[in-house]
Structure formats: structure tokens, C-alpha cells
Amino acid sequence: MSAVAAIARRRGRISLPLLIGAGIVLIWIVVGLFPGLFAPYDPDAFDYDALLQAPGLAHPFGTDSFGRDILSRVIWAARLDIQIAVFSTIFALGFGTVLGALCGFYGGWFDAIVSRVIDVVVIFPFLVLIIAIIAFLGPGLFNMYVALAAINWVSYCKLMRGEIRLQKQLDYAAAAQVLGYRDLRILFRHLVPNAMTPIVVFWMTDMALAVLLGSSLGYLGLGAQPPEAEWGVLIADGKNYIETAWWMSVWPGVAIITLGFGLSLLGDGLVVYFGKKERS
Amino acid sequence: MPSGNLVLRRVVQLVPTLFFALLLLFVMVRLLPGGPATAALGDRGTDADIARIEASYGLNRSIAEQFLSYLWQIAHGDLGVSYSLKVPVTELVLQRLPVTLTLTACGSVLALAIAVPLAALAASRRDRTTDLILRGLFQLGLSSPVFYIGILLLTLVAAKTGLFPVGGYGSGFLDNLHHLVLPSFALALNFAAVLFRNLRSAMIEAMDADYVTFAIARGLSPRVVLFGHVLRNALISTVTLFGLNVGWLIGGAVITESVFAIPGVGRLMIDSIFARDYPVIQGLLLVLVLTVSVVFLLTDIVEGLLDPRLNR
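Residues numbered from 1 in each chain as written. Chains lettered and ligands numbered in written order. Predicted model: local features only at pLDDT ≥ 70, side-chain atom pairs only at ≥ 80, totals over all residues. Heavy atoms only, no water.

With an unreviewed UniProt entry as reference, chain B is termed ABC transporter permease, source organism Paenirhodobacter enshiensis. The annotation that UniProt attaches to chain B under Sequence similarities (unreviewed entry) is "Belongs to the binding-protein-dependent transport system permease family." Chain B has a UniProt comment under Subcellular location (unreviewed entry) that states "Cell membrane". (UniProt positions renumbered as here; feature names shortened; annotations may be inferred.)

In the nomenclature of an unreviewed UniProt entry, chain A corresponds to Nickel ABC transporter permease from the organism Paenirhodobacter enshiensis. Per UniProt, chain A has the following entry under Sequence similarities (unreviewed entry): "Belongs to the binding-protein-dependent transport system permease family."

Peer 1: When you look at the interface of chain A and chain B in this model, what are you seeing that I'm missing?
Peer 2: Note on interface size: it is often stated as the accessible area lost on association of the parts. Taken together, the contact between chain A and chain B spans 39 residues of the former and 46 residues of the latter. Between chain A and chain B, a total of about 3800 Å² is buried, with carbon and sulfur atoms accounting for 83% of that surface. Linking chain A to chain B there are 5 residue pairs in polar contact (both at pLDDT 80 or more). Those elements giving two or more residues to the side of chain A that touches chain B turn out to be α5 (108-122), α6 (126-137), α9 (183-220), α10 (231-239) and α11 (247-273) of chain A. For the side of chain A that touches chain B, the leading source of residues is α11 of chain A, giving 11 residues. Grouping the constituent residues of the side of chain A that touches chain B by class yields 28 nonpolar, 7 polar and 4 charged. (Contact = heavy atoms within 4.5 Å. Buried area = accessible area lost by both parts, 1.4 Å probe. Polar contact = N/O pair within 3.5 Å; in protein donor to acceptor, adjacent residues only side chain to side chain. Helix = DSSP H or I, 4+ residues; strand = E, 2+ residues; numbered from the N terminus. Nonpolar A, V, L, I, M, F, W, Y, C, P; charged D, E, K, R; others polar.)

Peer 1: Hey, could you run me through the UniProt feature "domain: ABC transmembrane type-1" (unreviewed entry) in chain B in this one?
Peer 2: Those residues carrying the UniProt feature "domain: ABC transmembrane type-1" (unreviewed entry) are residues 97-299 of chain B in this numbering. As a span, residues 97-299 of chain B carries 85% helix and 0% strand, and end to end its C-alpha atoms are 21 Å apart.

Peer 1: For this particular structure, what's the right way to read the UniProt feature "transmembrane region" (unreviewed entry) in chain A?
Peer 2: Residues and elements named next belong to chain A. As annotated in UniProt, the feature "transmembrane region" (unreviewed entry) corresponds to residues 16-38, 82-105, 117-136, 142-159, 199-222 and 250-274 in the numbering used here. Along residues 16-38, the helical share is 96% and the strand share 0%, with 27 Å between the first and last C-alpha atoms. Spanning residues 117-136, this segment combines 85% helix with 0% strand, and its end C-alpha atoms are found 21 Å apart.

Peer 1: Can you walk me through the UniProt feature "domain: ABC transmembrane type-1" (unreviewed entry) in chain A in this structure?
Peer 2: Per the UniProt entry, the sites bearing "domain: ABC transmembrane type-1" (unreviewed entry) are residues 78-267 of chain A in this numbering. Taken end to end, residues 78-267 of chain A comprises 84% helix and 0% strand; its first and last C-alpha atoms sit 20 Å apart.

Peer 1: I'm lost on the pattern of salt bridges in this one. Help?
Peer 2: Opposite charge on two side chains permits pairing when their charged atoms draw close. This model, assessed by the stated rule, comprises 12 salt bridges over all chains. A salt bridge links R116 of chain A to D119 of chain A, with the nearest nitrogen and oxygen atoms 3.0 Å apart. In this pair, R116 of chain A and D119 of chain A both sit in helix α5, 3 residues apart, roughly one turn of the helix. Of the charged contacts in the structure, one is a salt bridge between R200 of chain B and D131 of chain B, with a shortest N-O distance of 2.8 Å. Placement of R200 of chain B in helix α8 (residues 173-208) and of D131 of chain B in helix α6 (residues 129-142) is noted, with a sequence separation of 69 residues between them. (Salt bridge = Lys/Arg side-chain N within 4 Å of Asp/Glu carboxyl O.)

Peer 1: Help me out: how do you make sense of the UniProt feature "transmembrane region" (unreviewed entry) in chain B in this one?
Peer 2: Residues and elements named next belong to chain B. UniProt's entry tags residues 12-32, 101-124, 136-159, 179-199, 242-262 and 283-302 with the feature "transmembrane region" (unreviewed entry), counted in the numbering of this structure. For residues 101-124, helix accounts for 100% and strand for 0%, while the C-alpha atoms at its two ends are 34 Å apart. Between the first and last C-alpha atoms of residues 179-199 the distance is 30 Å; the span itself is 100% helix and 0% strand.

Peer 1: Would you explain unusual backbone geometry in this entry?
Peer 2: Residues apart from glycine generally show negative phi values, whereas peptide bonds are mostly found in trans. Along the chain, P226 of chain A connects to P227 of chain A via a cis peptide bond; the corresponding omega equals 10°. Note on placement: P227 of chain A falls in the loop between α9 and α10. You will see that L52 of chain A, though not glycine, has its phi angle at about 45°, which is positive. Judged by its relative accessible area of 30%, L52 of chain A is partly exposed. Its identity is not glycine, yet A261 of chain B carries a phi of approximately 50°, on the positive side. (Buried < 20%, exposed > 50% of the residue type's maximum accessible area, 1.4 Å probe, protein only.)

Peer 1: Looking at this structure, how should I read the packing of aromatic side chains?
Peer 2: All names here are of chain A. Under the definition given, this model contains 23 aromatic pairs over all chains. Ring plane angle 45° and centroid distance 6.2 Å describe the contact between F87 and F91, whose orientation is recorded as tilted. On the criterion of helical spacing, the pair formed by F87 and F91 is a turn pair, its members being 4 residues apart in helix α4 (residues 70-106). You can call F87 partly exposed: its relative accessible area is 35%. (Phe/Tyr/Trp six-rings, centres within 6.5 Å; stacked < 30°, edge-to-face > 60°.)

Peer 1: Explain helix α1 (residues 4-31) of chain B to me, please; I cannot follow it from the model alone.
Peer 2: Residues three or four positions apart in an α-helix share a direction because the helix packs 3.6 residues into each turn. Spanning 28 residues, α1 of chain B covers 41 Å between terminal C-alpha atoms, matching the ideal 40 Å at 1.5 Å per step. Looking at the buried residues of α1 of chain B, the elements they touch are α5 and α6 of chain A together with α4 (63-75) and α12 (278-306) of chain B. (Expected span 1.5 Å × (residues − 1).)

Put into C-alpha cells, the structure is as follows:
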């Protein structure tokens, strides 16, 4: 057993969570990219002869109060929810990583100021602040991305800052300095690539959270706006029919859970794949 | 025991952070688009009307001037009067905040009650079927949105069995708790999953530690080792996690409130933002920020109590 455990700690191991997670995420990405190939119906087509039909042969997930096919709507919504997962996180990741790298590398007054700003931002309850900013800017996906970019960079910045402070003490950083490389080249060509692993792992978890957050905001009416098909919006649509037509809300929820599940498994699998981190 | 000095230092560190948080909040509220007069009058308001109303709220003064007088107000324990509801903000906050905080507290306690025993069970059966099943279930719990769990609980439990009310809030302590059972459960699930994952690894790490091997070698019973040594050490990460997640929990409580139609701060905040009711928005967020910082402070102190090495 201990031999197995030793192998498990080695880098590059493809673990079961990695496989399952990557598989689920890949399926959703393909579905999101080519919804037309998978959806049996037009997601927006009304069918007054098939209102609120229970799941059956013609409509595997049933139909909603306008006779729209739920399976097709869930499939088309995947496109939007994957977009939410990426756009809600990517700007925070870019900005936070660069800022954190600079802070960790240079330290000094710049780092002190950024750290104070982070202290101020983290003292606000995250979700409440996001909801507040979106409510101010007006409901909608674009404003949701703005709000998340404005707040969420903090997590990436803290993570990168700590990583760079660790990396810059290692021998190869000193070697690069002795070779006479410029600061920014050392930082972005040598240190940052070595510090990206925890960022990438956190990004997976963060995307899983973004899917949950995006659908929650869609449900609250602050995210994607109807008639756009988004999983949270679909659940909100079905809420009033839940006693009579449970399928309207239940299937989009299953979609959210599977994508979130896939992303967080992928994150776990990547931790194993990149090898257990050594702390000095 | 953390020295009084350390606690004092933490409190002093908190003051500038709170000050800047308040400043940020104050400026943000005024710089973001819209204003209380435009929100109230809509398209019908003439420029003169808007200017008159804003002047009556003192919004025609410079932001610096407004901020100083707001600080003066707060220093006297006055959060101002709501523009749209014409009620003192303190009154509104005292009415709504306890509901949200009770929900947050119930959710946290429930999460602990679910996660701690199951994490201990999973850690002691590491990599066996029980462990794998529990890990899979909690991984699913981690990916389930609060509002979805809430809707399912409302339909499957409240409506079908009639054991619990279908939303709303009660009157009197026990009735309130009865109304909060399902919402707390919806709120608890995510946090329980976070706790479970971390506690399980913390316990496994502790089980492999030398002091536990030594404790077993001394002939202590497994129960004593589990509760006295392993759990005690895992407790530190629980406290840390609570501190890290309290912001999420409060946010989750706000979403839960909307699903179960509970009159907490959530609805009030969104309504007052749409009405650009600055005193209410500022008051609510300020009190929430205070709550979070008090929790940060307490977790720091408790961590120090549990692990004296952290006090340095």
C-alpha cells in the first residue's frame, strides 16, 4: 500500500477524479459549442399542443408552460453557462495574477498599498457585495462580469503573491539574476510559469463556483435575462410550476450540479497530477 | 492564551481597514449611476425637482463634506433616516439583521453537526467504500446551488409532508426556529461539504502524525486518541474555515432568504439599491462588514487558544 501511495505522490499521475472531471467538462464544452447537433428541438419554439408535458418519448425532459422542449433549452443554456464560468473568472485571473506577481516580486510600498486594498475588499461579504454592485449597475450578464472582475481578482492576487515570494528565494531565481536578466524577464519568464500550478487549480474551483453563482444570480433575476435560456433562469421559470411540472426546474439543476461537479473533480485531479506541493 | 496585547493589536489594525471600507462604500454608492431623486421620480422629474430633492438630502455638498458629516453621525450611533421609507436606518437594521444572522448561525451549526462526525468516519475508513461514498456525496453537495436545494426542500419536504412551513418567518423564538429548519439545511450543505473535505484531510494528516502513533503506543484507547488528539487538532482548521467562509455564508443566507421569503437583509438591500436609498445601503453594508470583522477577530483569538504556537 505504501508503494502505491509513493507513486500517487509523483507528478503526472492521471487519477480517477481527473479522468471523470475532464470527461464531464469536455462533454459539456462540446454540447455548449455545438448545441444544434444535440438539441432535438428549437429551444425557443412554442408548441401549444404540448404544454407542460411530462418527460416521455417525444420530450425526454418534458416541456414547459409554452410547450418548449426542456432538453433543448437545457442544452442551449450550456453555451451560456460555460461562457459564464469562463468570463466570470478570466479577467480576475489575468489582473489578479499580474498584480500578485508584481507585489510578491517587488514588495515595498506598492505591495503594502495593494495588501491594504485587499484587506478592505475581503472584509466585505463577497456575495452581498457582488449582488450590491450588480443591482447598482443594472441586472445582466455584462454587469455581472464587471462586478466579479472588480472583486474576485483579490483571491488570485493573494495566491500569486505568496507563490512568487516563495519562488524568488529559490536557487534558479538567484541564478537568473546572476546571469544578468532584467527583473521583469525573471519574473514573467521564470518565476510566474513555476507559480501557475496553484492558480490553475484554483481557477477550476473558481469556475465551479462561478457556475453556481451565475445560476443563482440568474435565478434572482440579476444575471442572464429571460428569454435567454440559462440554467438558473430556467429553474426560476419552473419554480411556479414545481408542484405540477417538477421537470421544468429539476433538469436545469441537474445540469448545474454535473458541470460544477466536473469542474471541481478536475481541480482535485489536477492537484494530484501536478504532484503534492512541497512546503519549505 | 493569546495575550491581551495581541488582541489589542488586532483591534487597532482593524480600525484603518474599517475606515477605508466605509470610505469605499460611501464613495461607491455615490459614484455608481443613478440617484435617489431619479429613482423616485423616474422620467417625470425635471432637473429642478431632482436638484431640490437631492439638496434636501444634502447630496449637493461635496463628497468629502458629506462623508465627514456621516462619520460624525456614526460616531453618535446614528445611521441616518431612510430616504424612501422615512424610518431610522438603525430601526430597519435591528429588525432585519438578526433574522439573517440567526439563519447564518443555524446554517453553520448544522454544517458542523453534519460534517464533523462524517469526516471522522470517513477518515477512519480511509479509501474504503464508506469513505468513497461519503466523498462522492459531499462533492455533489459542494456543486449544488443553495437556491436549488432550497426549492427541492420546499417541494419535497415542506409541501409534501407539511412538517415545515412553506417559507416566511414565524412569531416568537421557537416558531422562528421552526421556520428556519429547511432554510438552514439548504444553507448548510455547501459549507458542510467544504468542512468535510478539509476536516477529513486534516484528520488523516493528524492520524499519520508522530504524536498520535505515540499516543497509541502508550496504550490509549482509540476513542481517546480520536477525540483527544485527532479531533482537537482538526478543530483548528474548522475555525479557520469558518473565518474564511463567513462572507460566503452571509451571502448564501441572503439567497436562501429570497427562496424561502424570509424577511432578512437581502430583500431590503436590493430594494434600497433600486431606490438608491443611500443611508440604508450604507447602514446595512457597514453592519455586515462589522459582523465579518468581528468574526475574523474571534477566529484569530480562538485559533490562538487552540494552538498557542500561532501567538508567537
